[in-house]
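A structural walkthrough
Residue-level listing of the chains:
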Amino acid sequence: MTSILFRFLANAVALAAAVWLVGDITLGEEGASTGSRAVTLLVVALIFGVVNLIVKPIVKFLAFPLLIVTLGLFTLVINAFMLLLTSWIAGDERFEVGGFMAAVLGGLIISIVSWAVNMVLDRD
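If you're wondering where the values come from, they're calculated on a predicted model, not measured in any experiment.

Quick notes on the rules
- Residues numbered from 1 in each chain as written.
- Predicted model: local features only at pLDDT ≥ 70, side-chain atom pairs only at ≥ 80, totals over all residues.
- Heavy atoms only, no water.
- Helix = DSSP H or I, 4+ residues; strand = E, 2+ residues; numbered from the N terminus.
- Buried < 20%, exposed > 50% of the residue type's maximum accessible area, 1.4 Å probe, protein only.
- Expected span 1.5 Å × (residues − 1).
- Axes fitted to C-alpha atoms, helices over the stretch in contact; angles between N-to-C directions.
- Parallel < 35°, antiparallel > 145°, perpendicular 65-115°, else oblique.
- Left-handed = near helix turned anticlockwise from the far one by under 90°.
- Contact = heavy atoms within 4.5 Å.
- Nonpolar A, V, L, I, M, F, W, Y, C, P; charged D, E, K, R; others polar.
- pLDDT = per-residue confidence, 0-100.
- Patch = residues over 30% accessible without salt bridge, like charges linked within 9 Å, V, L, I, M, F, W, Y side chains within 5 Å.
- Areas by Shrake-Rupley, 256 points an atom, 1.4 Å probe, with all protein chains shown as cover.
- Salt bridge = Lys/Arg side-chain N within 4 Å of Asp/Glu carboxyl O.
- Lys, Arg positive; Asp, Glu negative; His and termini not counted.
- Charge placed at Lys NZ, Arg CZ, Asp CG, Glu CD.

Digging into the side chain of Lys 56
- Tracing the chain through its elements places Lys 56 in helix α2 (residues 34–62).
- On the accessibility criterion, Lys 56 (17% relative accessible area) is buried.

Here it is as structure tokens:
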């Protein structure tokens, strides 16, 4: 149970870092309060976690030949599509990714930050 909570927190921190570092990724509406944006961040982190849990393994299985040919670099494209899918599910008023290149950069940032936070928080 704590592992799920740690992964959820890592996703939330990683999404916050991507929103902060990539200008084309926005969270919440323009004049929203900090509390409203925090709730929105938690909802988007939950959606992102579910997308990564259900959709990503299927896409990776179907893209296995491309992953082999590109030596795993196609994972960046898969991560970008998972971020775009999260944006579509959450709705543009909550979470918006401004294009494919923003999604690639955001996916890269999310992967790195999520990995680092998981390394710090996971004390098994």
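A short note on helix α5 (residues 100–121)
- Between the first and last C-alpha of α5 there are 31 Å, a value that for 22 residues agrees with the 32 Å anticipated at 1.5 Å per step.
- Listed in full, the buried residues belonging to α5 are Ala 102, Ala 103, Val 104, Gly 106, Gly 107, Ile 109, Ile 110, Ser 114 and Val 117.

A closer look at the environment of Met 101
- Its location among the elements puts Met 101 in helix α5.
- Along the chain, Met 101 and Ala 80 lie 21 residues apart, while their C-alpha atoms are 8.2 Å from each other.

Here we look at the packing of α2 against helix α4 (residues 74–90)
- With their axes 9 Å apart at the nearest point, α2 and α4 run at an angle of 135 degrees to one another. The pairing of α2 with α4 is recorded here as oblique in orientation. Note on packing geometry: the crossing formed by α2 with α4 is right-handed. Judged by residue contacts, Val 44, Ile 47, Phe 48, Val 51, Asn 52, Val 55, Lys 56, Val 59 and Lys 60 of α2 engage Thr 75, Ile 78, Asn 79, Met 82, Leu 83, Leu 85, Thr 86, Ile 89 and Ala 90 from α4.
- Here the contact of α2 with α4 is composed, by residue class, of 12 nonpolar, 4 polar and 2 charged.

A look at the confidence of the model for the chain
- Here the chain shows a mean pLDDT of 89. Residues at 70 or above account for 96%.
- Per-residue pLDDT, averaged within each element of the chain, yields its smallest value for helix α1 (residues 2–21) (88) and its largest for helix α3 (residues 64–69) (94).

Some points on the environment of Leu 71
- If you trace the backbone, Leu 71 turns up in the loop between α3 and α4.
- Looking at Leu 71, the relative accessible area reads 78%, which means it is exposed.
- Between the C-alpha atom of Leu 71 and that of Val 22, which follows or precedes it by 49 residues, the distance is 26 Å.

Quick word on a negative patch on the surface
- Taken together, the side chains of Asp 24, Glu 29, Asp 92, Glu 93 and Glu 96 present a region of like negative charge at the surface.
- Summarising the element assignment, Glu 96 is placed in strand β2 (residues 95–97).
- The class of Glu 96 is partly exposed, set by a relative accessible area of 34%.

Brief notes about the packing of α4 against α5
- At a closest axis distance of 8 Å, the pairing of α4 and α5 adopts a crossing angle of 105 degrees. Regarding the angle of α4 to α5, the classification is roughly perpendicular. Every residue of α5 that contacts α4 at Leu 76, Val 77, Asn 79, Ala 80, Phe 81, Leu 83 and Leu 84 is listed here: Phe 100, Ala 103, Val 104, Gly 106, Gly 107, Leu 108, Ile 110 and Ser 111.
- Class assignment for the residues of the contact of α4 with α5 results in 11 nonpolar, 4 polar and no charged.

What about α4?
- For α4, built from 17 residues, the straight-helix expectation of 24 Å at 1.5 Å per residue is met to within 8% by its first-to-last C-alpha distance of 24 Å.
- Among the residues of α4, those classed as buried are Ile 78, Asn 79, Ala 80, Met 82, Leu 83, Thr 86, Ser 87 and Ala 90.
- Where α4 ends, the next residue or the one after it, Gly 91, has phi of about 95 degrees, a positive value.

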